[in-house]
Amino acid sequence: MITHLEHEIENIKRKVFTMTDAAIEAINDSIDALMTLDDKLAAKVIQGDTRIDKLEIQIDDDCVRTLVTQQPAASDLRLILSFLKINTDLERIADIAANIAKEAIRLEGRPRVTTTGDIPAMAATCVNMIKTAFEAMTTRDVSMAAEIISVDREVDELNIQLYRELFAMMGDNPQIMPQALGLIMVAKSLERIGDHAKNIAERVIYYIEGVDIRKENKDHSDNK
Amino acid sequence: MDLTNKTVFRYSISLRIITAFSILIIFFTVFILFVFNGLVKEAHIKVALDEMRDKTHFVENYLIAKYNTLDPDKKLLLEEIKQMAGITGLRVSFIAKDGKVIADSDVNTPQSMDNHKYRVEVMQAEKEGSGHSMRYSHTLETDMFYYAQNYDNYILRMAKPLPEMRASLIRIRQIMIYLGAIILLLSIIIVLFIVASITRPINETINFASQFASGDYTKRISNYSNSEIGMIQRSLNNMADQLVEKINSLVFEQNKLNITIESIADGITVINKEKKIVIVNKAFYKCIDVTRIKVSGLLFFEVIRNRTLNLRIEQSLAQAKPSHFEEELINGRTYDVSINPISEERTLQGVLVVLRDVTEKKKIEKIKTDLVSNMSHELKTPVTIIKGYLETIALNLNNTEQCSGYIRKAIENADRQTSIINDIIKLNMIETSNDFANEKIIIDDLIEGCVNILGQKAQLRDIQLNKKLEAMGEGVVGNKFLAEEIFFNLIDNAINYNLPGGEVNIESSISNNNQLTVKINDTGIGIPKESIDRIFERFYRVDKGRSRESGGTGLGLSIVKHAATLLGWKITVRSDSKGSSFRVIIYL
Ligand SMILES: Nc1ncnc2c1ncn2[C@@H]1O[C@H](COP(=O)(O)OP(=O)(O)O)[C@@H](O)[C@H]1O
Ligand SMILES: [Mg+2]
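Each value, and the rule that gives it
Residues numbered from 1 in each chain as written. Chains lettered and ligands numbered in written order. Predicted model: local features only at pLDDT ≥ 70, side-chain atom pairs only at ≥ 80, totals over all residues. Heavy atoms only, no water. Helix = DSSP H or I, 4+ residues; strand = E, 2+ residues; numbered from the N terminus. Buried < 20%, exposed > 50% of the residue type's maximum accessible area, 1.4 Å probe, protein only. Contact = heavy atoms within 4.5 Å. Areas by Shrake-Rupley, 256 points an atom, 1.4 Å probe, with all protein chains shown as cover. Pairing = 2+ DSSP bridges. Axes fitted to C-alpha atoms, helices over the stretch in contact; angles between N-to-C directions. Buried area = accessible area lost by both parts, 1.4 Å probe. Salt bridge = Lys/Arg side-chain N within 4 Å of Asp/Glu carboxyl O. Polar contact = N/O pair within 3.5 Å; in protein donor to acceptor, adjacent residues only side chain to side chain. Nonpolar A, V, L, I, M, F, W, Y, C, P; charged D, E, K, R; others polar. Parallel < 35°, antiparallel > 145°, perpendicular 65-115°, else oblique. Phe/Tyr/Trp six-rings, centres within 6.5 Å; stacked < 30°, edge-to-face > 60°. Lys NZ or Arg CZ within 6 Å of the ring centre and 35° of its normal. Near = heavy atom within 4 Å. Patch = residues over 30% accessible without salt bridge, like charges linked within 9 Å, V, L, I, M, F, W, Y side chains within 5 Å. Lys, Arg positive; Asp, Glu negative; His and termini not counted. Charge placed at Lys NZ, Arg CZ, Asp CG, Glu CD.

Novice: Would you explain the overall build of chain B in this entry?
Specialist: Helix and strand content of chain B: 14 helices and 17 strands. When burial is assessed residue by residue, chain B has 39% of its 588 residues classed as buried. In chain B, the share of contacts with a sequence separation of at least 24, taken over all contacts with a separation of at least 6, comes to 57%. Within the structure as shown, chain B displays about 34,300 Å² of accessible surface, and the carbon and sulfur contribution to it stands at 57%.

Novice: I tried to follow the sheet that holds strand 2 (residues 101-104) of chain B on my own but got confused; where do I start?
Specialist: By definition, the strands of a sheet pair up through backbone hydrogen bonds, in either a parallel or an antiparallel sense. Residue and element names in this part refer to chain B. Spatially, 2-1-5-4-3 is the arrangement adopted by the five strands of the open sheet, whose pairing is antiparallel. Each edge of the open sheet carries a strand with a single partner, namely strand 2 and strand 3 (130-137). Recorded for the sheet is a direction-independent mean angle of 20° between the axes of neighbouring strands. Note that strand 1 (residues 91-96) and strand 5 (residues 154-161) share six bridges and pair antiparallel. Of the residues in strand 5, the one forming a bridge with Ser93 is Arg157. With respect to the sheet, helix 2 (residues 74-88) is in contact with strand 1 and strand 2, its orientation differing from that of strand 1 by roughly 150°. Across the face of the sheet, helix 4 (residues 163-213) comes into contact with strand 3, strand 4 (142-150) and strand 5 while running at roughly 130° to strand 4.

Novice: Is there a simple way to explain unusual backbone geometry in this structure?
Specialist: With the exception of glycine, most residues fall at negative phi, and the peptide bonds are largely trans. Not every positive phi belongs to a glycine, and Gln71 of chain A is a case in point at roughly 45°. One can find Gln71 of chain A in the loop between helix 2 (39-70) and helix 3 (74-107). What makes Gln71 of chain A exposed here is its relative accessible area of 62%. Even without glycine at this site, Asp462 of chain B takes up a positive phi of about 60°. With respect to the element layout, Asp462 of chain B can be found in the loop between helix 11 (443-460) and strand 12 (464-468).

Novice: Whenever I open this one, the interface of chain B and chain A confuses me. Can you help?
Specialist: Chain B puts 22 residues into the contact, and the matching count from chain A is 26 residues. Across the chain B/chain A interface, buried area totals approximately 2,300 Å², and carbon plus sulfur atoms make up 55% of it. Three residues stand out in chain B for area buried against chain A, namely Arg292, Arg305 and Arg307 of chain B, and they jointly supply 31% of the buried area on that side. Taking the shortest distance from any N to any O, the salt bridge between Glu25 of chain A and Arg307 of chain B comes out at 3.1 Å. The tally of links between chain B and chain A comes to seven residue pairs in polar contact (both at pLDDT 80 or more). If you list the elements that add at least two residues to the side of chain B that touches chain A, you get helix 7 (300-303) and helix 8 (307-319) of chain B. It is helix 8 of chain B that contributes the most residues to the side of chain B that touches chain A, five residues altogether. Class assignment for the residues of the side of chain B that touches chain A results in 10 nonpolar, three polar and nine charged.

Novice: Just to check I follow, could you spell out the packing of helix 5 (residues 142-172) of chain A against helix 6 (residues 177-209) of chain A for this structure?
Specialist: A pair of packed helices is captured by two measures, namely the crossing angle of their axes and the spacing between those axes. In contact at an axis separation of 9 Å, helix 5 of chain A and helix 6 of chain A are set at 170° when each is read in the N-to-C sense. The angle between the axes of helix 5 of chain A and helix 6 of chain A places the two elements in the roughly antiparallel class.

Novice: Help me understand the environment of Pro72 of chain B in this model?
Specialist: Residues and elements named next belong to chain B. Of note, Pro72 is situated in the loop between helix 1 (3-67) and helix 2. Judged by relative accessible area, which is 9%, Pro72 ranks as buried. Taking the C-alpha atoms as reference points, Pro72 and Asn153, 81 residues apart in sequence, are found 9.9 Å from one another.

Novice: Sorry, what's going on with the packing of aromatic side chains here?
Specialist: Given two aromatic rings, their pairing is described by the distance between the two centres and the angle made by the two planes. Within this structure, the stated rule accounts for 13 aromatic pairs over all chains. On the numbers, 6.3 Å between centres and 50° between planes, the contact of Phe487 of chain B with Trp569 of chain B is tilted. Pair noted here: Phe487 of chain B is in helix 12 (residues 480-496) and Trp569 of chain B is in the loop between helix 14 (556-567) and strand 16 (570-576), with a separation of 82 residues, a long-range link. Each member of the pair, Phe487 of chain B as well as Trp569 of chain B, carries the same accessibility label: buried. Every member of this aromatic cluster is reached through a ring pair, and the members are Phe17 and Phe134 of chain A together with Phe300 and Phe301 of chain B. The side chain of Arg203 of chain A reaches across the aromatic face of Tyr206 of chain A, ending 5.2 Å from its centre.

Novice: I would appreciate a short explanation of the site of ligand 1 in the present structure.
Specialist: All names here are of chain B. Taken together, 19 residues surround ligand 1, and among them Asn493, Tyr497, Ser547, Gly554 and Leu557 come closest. Between Tyr497 and ligand 1, the recorded distance is 2.7 Å, taken from a side-chain N or O atom to an oxygen atom. Within the backbone of Gly556, a nitrogen or oxygen atom sits 3.4 Å from an oxygen atom of ligand 1. Here ligand 1, which alone exposes 530 Å², has 97% of that area covered by the protein. Breaking the shell around ligand 1 down by element, the ones donating at least two residues are helix 12, helix 14 and strand 17 (579-587). A breakdown of the residues in the shell around ligand 1 according to their chemical character gives nine nonpolar, eight polar and two charged.

Novice: Would you mind going over a negative patch on the surface with me for this structure?
Specialist: Taken together, the side chains of Asp71, Asp73, Glu79 and Asp152 of chain B make up a negatively charged region of the molecular surface. Among the secondary structure elements, Glu79 of chain B is positioned in helix 2.

Shown next, in the form of structure tokens:
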């Protein structure tokens, strides 16, 4: 027999995962739009963002209602609290993806700038971080979630590398300034998506272990 | 079944048997005691009775001997009675027919005694001639036996205490109780033995059954007896054998199914109506790009990261309807997805999802459609332009100066058309024909020839052509036409996509593992990362304007690729913003 609470949680879970899929789709589509300078695809991403915003409100409502009416305890409580936070992260990720799509529209028609810094690879890493975080959640695997936090550093590094490279190129060839600045902005956006993915991983750890990893880290640094 | 249940079971059986036995034994003991009591009493009474009769005869004889009558004077009786009692050792009383005691050996004043008319023995004697009775005397605290004999004028009564009787009765009762207890104890022990011998095989059977139930199919019940339980055990063993056989064949079927599903290249999964993944094959893991966790038993939307696919699965589960579509999944490949509901007796059990990889098929399709549309576009453009110029010329025939300019432009486009058609013919020839004769070719000479033809173009664009060729006296086996196409196109591109003042460096070197590598490096504009894989496609150009301006058709590298394939050579590209580097690897 499935209890009412279990049913509610499954319902919320389904919506959170739908939101995850939508966010991942937004990242992939916005990067595709940027790489192929496809303004139709970019417009689709921007439109999709409103749907994600609606879903966020729904999930928030569902979580709060379940908290109040079902009064879950222990692990269920932590799961719902985590969902509340993850929900916000996913919404932010989708927002950022929409901004990347806007950048793609803005760059339309301009000659492309090539770099060794790899924006599609950065995006793929971000998507993989999000995907792995949810895999860690379903299998309650703390070490898997913890890995994501270290992967975030890779994304940060890729961002810095790309920034340096584009900056040098702008010095050599000031004409490419608009495109280069656009790419810098996109890389920065991806880095922020990585940060949100890291947040999600931290929420997952909180759900599994019942400890807030950020608080712990702060305690450590306080001790130093 | 656990241990406590087993012990309870054994106790309940022995308890029931023991209670039944105890009741039976107690009942029999009481019954025997009762019978013995009667017998002992009777025996004692008989002995006492015989003694009393003898003593009565003695009193008779005594009275006849002494007084010649059985009925002497009462005073005499009073005097004699003590002596009679002394001789017989009994209490002797003479009682008148009306019940008054005439004389009593124990009492000196018989007149003071109760009337004895209604004593049991007296009444009996009066009726039957003699009578006896036994009573407990509270004064003497012992059983008293009374015997009375009727005479003409009186009733003679004798009394005797019988303490032995009670004692022997008590002893018998004791013996019986001990005996009963011993029998009870013995029978309990025997019962326990019997119960153990019954429960042991039963427990063995239970153990076997529970082990079998929990999955240990190898155990059997050993050394069974010929009893009913033995028969049960034998048939249980038989049943187990048959079950194992059935299970084995089922497992075999299951394995066959698993192997089949695993060996299918399509991603396959079955999702039950609780939305959980119940069957999944390796290919499916690849489709959803899951490498680190096991997905069976999880909710489908927890592991499938594709919005459309999840939505369609959800719909198929809700409406029991099939669904068919194409979708790019998270692993970057495109799948032909079919979702089919699985129903049993008209109720939905779940859905079967089959994912067929159509990435290559789509790619080829796209190349085909692109090719057709590209080719028609490429061929149409110069004709349209030529027509435009000719129309203008027709309107301005008298303005020769303007016209000659237009004519030049028209000729340029006609040349372009020709080169496109030439390239298409060349490419088609390379692609379809296979009679390119094998001949000795000298790479250095070929390159030299290309450089000579292209030297003027390079000079015009202020591009320096440098050669550094390793001497190759022998030459290699190949086809001159194909090899020339390769080097010409590569050097042509290195010049076309260069910057003024740039360089093209052509180097050749033989490496130890018998391969000749020709490098054509330029310091040009480079090729964007995402285009590198596409430059060998027909009509693909990174920058159409630039290609046209340099007289390109977009077919050069396609020709290079096909020619190299025919020769068994390899072409590699590396490029960044500082230039490109093409390598031709020739296996000697
Ligand atoms: N050496 C090079 N440097 C930069 N771009 C190149 C080079 N070689 C080829 N390309 C790119 O590849 C495209 C296809 O080349 P090719 O098949 O020879 O066609 P085209 O007729 O345009 O030269 C060119 O349009 C150009 O954009
Ligand atoms: Mg060319």
